[in-house]
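What the coordinates show
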Amino acid sequence: MEAAIEDLLDRAWNLVDDLLSERGLLGDGLEVAEYTGIHSWLDGPVRYRVVHSRTVAVLFVDTRPVDAIVFHHILPGTGDPKSFFSIPG
């Protein structure tokens, strides 16, 4: 799990940093070690992943970060976690 989180965040470091900054969620900076949870699922040919810390969740569509929100602890247990996020296009 840690390797998957690190891989996603490392690939898109600048994009995630910009996204968190735009949403006012960056805090003291992007620390990969703070992200300890990942939820992944397929919807047709698209892979969705939510990577989260105790306070922030980032939605990835395939490997591209598309939105970030304050982490809700009910998010991983919902039927459609992506409904918490805004997905462009």
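Check the entry above for the structure.
Quick summary incoming for the structure in this document. Within each chain, residues carry numbers counting from 1 in the order of the written sequence. Since the coordinates come from a predicted model, pLDDT governs what is reported: local features require at least 70, and pairs of side-chain atoms require 80 or more to be given and counted, while whole-chain, interface and lining totals use all residues. Only hydrogens and water are set aside; all other atoms, that is, all heavy atoms of the structure, feed into the side-chain values.

1. A look at the overall build of the protein chain
Counting its regular elements, the protein chain contains 2 helices and 4 strands. A run of DSSP states H or I qualifies as a helix once it reaches four residues; a run of E qualifies as a strand once it reaches two. Both are numbered from the N-terminal end. Going from the N terminus to the C terminus, the protein chain shows its helices and strands as α-α-β-β-β-β. Computation of the radius of gyration draws on C-alpha atoms alone. For the globule rule, the value is 2.2 Å times the number of residues to the power 0.38. Relative to its length of 89 residues, the protein chain is compact, with a C-alpha radius of gyration of 12 Å against a globular reference of 12 Å. Dimensions along the principal axes, computed over C-alpha positions, put the protein chain at roughly 35 × 25 × 25 Å. Burial classes follow relative accessibility: with a 1.4 Å probe on protein chains only, a residue under 20% of its type's maximum area counts as buried, one over 50% as exposed, and anything between as partly exposed. Going through the 89 residues of the protein chain one by one, you find that 38% of them count as buried. Here the analysis covers contacts within the protein chain between residues at least 6 apart in sequence; of these, 37% occur between residues at least 24 apart. Counting every atom, the protein chain has about 5,200 Å² of accessible surface; 49% of that belongs to carbon and sulfur. Charged residues are defined here as Lys and Arg on the positive side and Asp and Glu on the negative side; His and the ends of the chain fall outside this count. In this description, the location of a charge corresponds to atom NZ of lysine, CZ of arginine, CG of aspartate or CD of glutamate. Positive and negative charge centroids in the protein chain, built from 7 and 14 side chains respectively, lie 7 Å apart. What makes two residues a contact is simply this: any of their non-hydrogen atoms within 4.5 Å. In this description, accessible areas are obtained by the Shrake-Rupley approach with a 1.4 Å probe, and a residue is regarded as covered only by the protein chains that are shown.

2. Section: the pairing of strand 3 (residues 56–61)
In terms of burial, strand 3 is a largely internal element, 6 of the 6 residues being buried. Burial of the side chains of strand 3 extends over both faces: Val56, Val58 and Phe60 are buried on one face and Ala57, Leu59 and Val61 on the other. If DSSP finds at least two bridges between two strands, the strands pair. Strand direction decides the pairing type here: strand 2 (residues 46–52) and strand 3, joined by 5 bridges, are antiparallel. The partner of Val50 across the bridge, within strand 3, is Leu59. Linking two consecutive strands that pair antiparallel, namely strand 2 and strand 3, is a turn of 3 residues. As paired strands, strand 3 and strand 4 (residues 64–70) are joined by 6 bridges and run antiparallel to one another. What sits directly across from Ala57, in strand 4, is Ile69. Hairpin connection between strand 3 and strand 4: a loop of 2 residues separates the two successive antiparallel strands, and Asp62 in this loop has a positive phi of roughly 55°.

3. Some details on the pattern of salt bridges
Pairs can form between side chains of opposite charge whenever their charged atoms are close. By definition here, a salt bridge exists when the distance from a side-chain nitrogen of Lys or Arg to a carboxyl oxygen of Asp or Glu is within 4 Å. Inspection of the entire model under this criterion finds 5 salt bridges. When the shortest N-O distance is used, the salt bridge between Lys82 and Asp43 registers 3.2 Å. Linking Lys82 in the segment after strand 4 with Asp43 in strand 1 (residues 37–43), this pair joins segments that are 39 residues apart in sequence. Of the residues examined, Asp43 reaches a relative accessible area of 39% and is grouped as partly exposed. The shortest N-O distance in the salt bridge between Lys82 and Asp80 comes to 3.1 Å. A relative accessible area of 16% means that Lys82 is categorised as buried. Classification of Asp80 as partly exposed rests on a relative accessible area of 32%.

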